Amino acid sequence: MDLYKELCAIAGADAVAVNEPMERHTTFRIGGPADWFVTPSRTEEVRGIIELCRQQSIPYYIIGNGSNLLVGDKGYRGVIIQVYRKMSGISTEGERIRAQAGALLSKVAAAAYSAGLTGMEFASGIPGTLGGAVRMNAGAYGGEMAQVLESATVLTTEGEVLTLPVEKMGLGYRTSIVSRMDYVVLEAVLSLSRGDREEIRARMDELKQKRVSKQPLEFGSAGSTFKRPEGYFAGKLIEDAGLRGFRIGDAQVSEKHCGFVINRGNATAAEVYELMEEVIRRVEENSGVKLEPEVRRIGEF
């Protein structure tokens, strides 16, 4: 109760929940209760919560809208800090877009379209937030954050707020200095260019149709489950190993796209994890390539 009171003092009582089911906050729709779940609305609150957790040696974890995340069935022993709706402001400044970390990529792409700016079309269907996208240099259909990011404002583990230009972000395939140094993204500035609004809309519609036709959007998932091995495609390797439609309980390799592990409705985190491990084992056995999960795994299984 002492921690609860201290969290409330930092972020307000309406921002703190106890034993919050994480299935409500992940795109997998899976996850047991987090001991404490906090939704800060300002940088100072994020800093204060992290400082409190560090002082009391309490584990904490930052999430956005919970895409790319698998939370254990027994939940998370510690504090989940959700940087999402309360920190999701977006503004346009000429050919730049400034957005807070909790803004959905789809909303940022929509703002770019409204302003007649091109460059964010690739991100219009990615289900994550801007903060998560910067952290992992998210990408799709030939585009990635490295192509549009101008700078990012981050909170370091020491509580310092830094604004880093893109050349100091260390962006690579699904990685950045943010993930390597365990920084927290607070906001980012994107540098786009003027474009034809009809062409921008046409490209967004084209990519949406590709997603609808090729990805299992009707089921809970964390997006692409495995990183793309150099020189290969994870989905093709999984299919070649005879695993299309392979399932354990209600966890299944999507029949629509083998690169996705889906929750058919009542999958447990343990089933998803067991399935992922079996896929890794069989793909390596079949092709000699060891797949690496793209999905982050936290909590007790």
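Residues numbered from 1 in each chain as written. Predicted model: local features only at pLDDT ≥ 70, side-chain atom pairs only at ≥ 80, totals over all residues. Heavy atoms only, no water.

A. Region of interest: the overall build of the protein chain. Across its full length, the protein chain carries eight helices and 19 strands. Here the C-alpha radius of gyration of the protein chain, 19 Å, is about what a compact globule of 301 residues would show, namely 19 Å. Its C-alpha atoms give the protein chain principal-axis dimensions of roughly 55 × 50 × 30 Å. Across the 301 residues that make up the protein chain, the buried fraction comes to 50%. Here the contacts in the protein chain between residues at least 6 apart in sequence split such that 64% fall between residues at least 24 apart. Accessible surface, the protein chain: about 13,700 Å² in total, of which carbon and sulfur atoms supply 46%. Of the charged side chains in the protein chain, 37 are positive and 40 negative; the average position of the first set lies 2 Å away from that of the second. (Helix = DSSP H or I, 4+ residues; strand = E, 2+ residues; numbered from the N terminus. Rg over C-alpha atoms; globule rule 2.2 N^0.38 Å. Buried < 20%, exposed > 50% of the residue type's maximum accessible area, 1.4 Å probe, protein only. Contact = heavy atoms within 4.5 Å. Areas by Shrake-Rupley, 256 points an atom, 1.4 Å probe, with all protein chains shown as cover. Lys, Arg positive; Asp, Glu negative; His and termini not counted. Charge placed at Lys NZ, Arg CZ, Asp CG, Glu CD.)

B. Examining the environment of Ser 191 more closely. Tracing the backbone shows Ser 191 in strand E13 (residues 184-191). On the basis of relative accessible area, Ser 191 is assigned to the partly exposed category, the value being 34%. Once the C-alpha coordinates of Ser 191 and Ser 151 are considered, the two residues, 40 residues apart in sequence, prove to be 8.9 Å apart. Excluding anything up to four places from it in sequence, Ser 191 contacts Glu 95, Arg 96, Val 148 and Glu 150.

C. Seen up close, the environment of Leu 130. With respect to the secondary-structure elements, Leu 130 resides in helix H4 (residues 130-136). Note: C-alpha distance between Leu 130 and Gln 209 (79 residues apart in sequence) is 22 Å. Dropping the residues within four chain positions of it, Leu 130 is found in contact with Ala 99, Gln 100, Ala 101, Ala 103, Leu 105, Met 145, Ala 188 and Leu 190.

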